[in-house]
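Chain residues, written in single-letter form:
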Amino acid sequence: MVLENVRTSPHLVGASPARGLLALAVVGLLLLASLGFALGLDVGLSLGWIALALGIAIAAGFAGAGLVPAVGSLWLVGLWWFAFPPLVGSLTGRWAESTRYNHPRMLGYGYESARAELLGGIEYGFKYGLLFAVVIGLVGYAAGVAVSRLSTRTSASR
């Protein structure tokens, strides 16, 4: 594959099977979260999601999936947090009825229309979703690599 020839470090792009499993796991997770949200469950931004995202990054580091795929996967999770609820509210027409369809933001103001809410959510998803992915991805991936190396050294010393 082209990525295998270009990579300068095995931790930058990662191993092919691990990259595929990471992508499959994140897409499956987002599909489950989307289904849960559509059914009315509270699957929005929470500490549980942040812990899950950190777990994804640690697992990516442990498996050697690559830092770029890990950050990219977490960015998709962050973009989902900000853009999916307003998209559902816009498509169903129930946007004005509930704050459930607003994207998470620091200030308590809202947008004037469902379309503006969706565009705001996408904008926040690009800005803050990427920031979230880089921070959580770097910390989690480094922790996963450290755990992997420690386990390899421990099993090699036996």
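Structure: above.
How each quantity is defined
- Residues numbered from 1 in each chain as written.
- Predicted model: local features only at pLDDT ≥ 70, side-chain atom pairs only at ≥ 80, totals over all residues.
- Heavy atoms only, no water.
- Salt bridge = Lys/Arg side-chain N within 4 Å of Asp/Glu carboxyl O.
- Helix = DSSP H or I, 4+ residues; strand = E, 2+ residues; numbered from the N terminus.
- Buried < 20%, exposed > 50% of the residue type's maximum accessible area, 1.4 Å probe, protein only.
- 1 Å grid on protein atoms, 1.4 Å probe; cavity = no way out; pocket = protein on both sides within 12 Å on 5 of 7 lines; lining within 4 Å.
- Points joined across faces, edges and corners; volume = space filled by probe spheres on them.
- Nonpolar A, V, L, I, M, F, W, Y, C, P; charged D, E, K, R; others polar.

Enquirer: Before we go on, may I ask you to explain the pattern of salt bridges in this structure?
Expert: Side chains carrying opposite charge are able to pair once their charged atoms draw close together. Enumeration over the complete set of coordinates arrives at one salt bridge. Close ionic contact of Lys127 with Glu123 constitutes a salt bridge, the shortest N to O distance being 3.4 Å. Placement of both Lys127 and Glu123 in helix H6 (residues 114-157) is noted, with a separation of four residues, approximately one turn of the helix. On the basis of relative accessible area, Lys127 is assigned to the partly exposed category, the value being 45%.

Enquirer: Help me understand the layout of surface pockets, please; the structure alone is not making it clear to me.
Expert: It is a probe the size of a water molecule, rolled over the atoms, that shows where empty space is left. Here the second largest pocket defines a volume of roughly 150 Å³. Surrounding the second largest pocket, Ala18, Leu21, Leu22, Ala25, Val26, Leu29, Ile56, Ala59, Ala60, Ala63 and Ala65 form its lining. Taken together, the elements giving at least two residues each to the lining of the second largest pocket come down to helix H3 (16-38) and helix H4 (47-63). By residue number, the principal contributor to the lining of the second largest pocket is H3, which donates six residues. The residue inventory of the lining of the second largest pocket, partitioned by class, reads 11 nonpolar, no polar and no charged.

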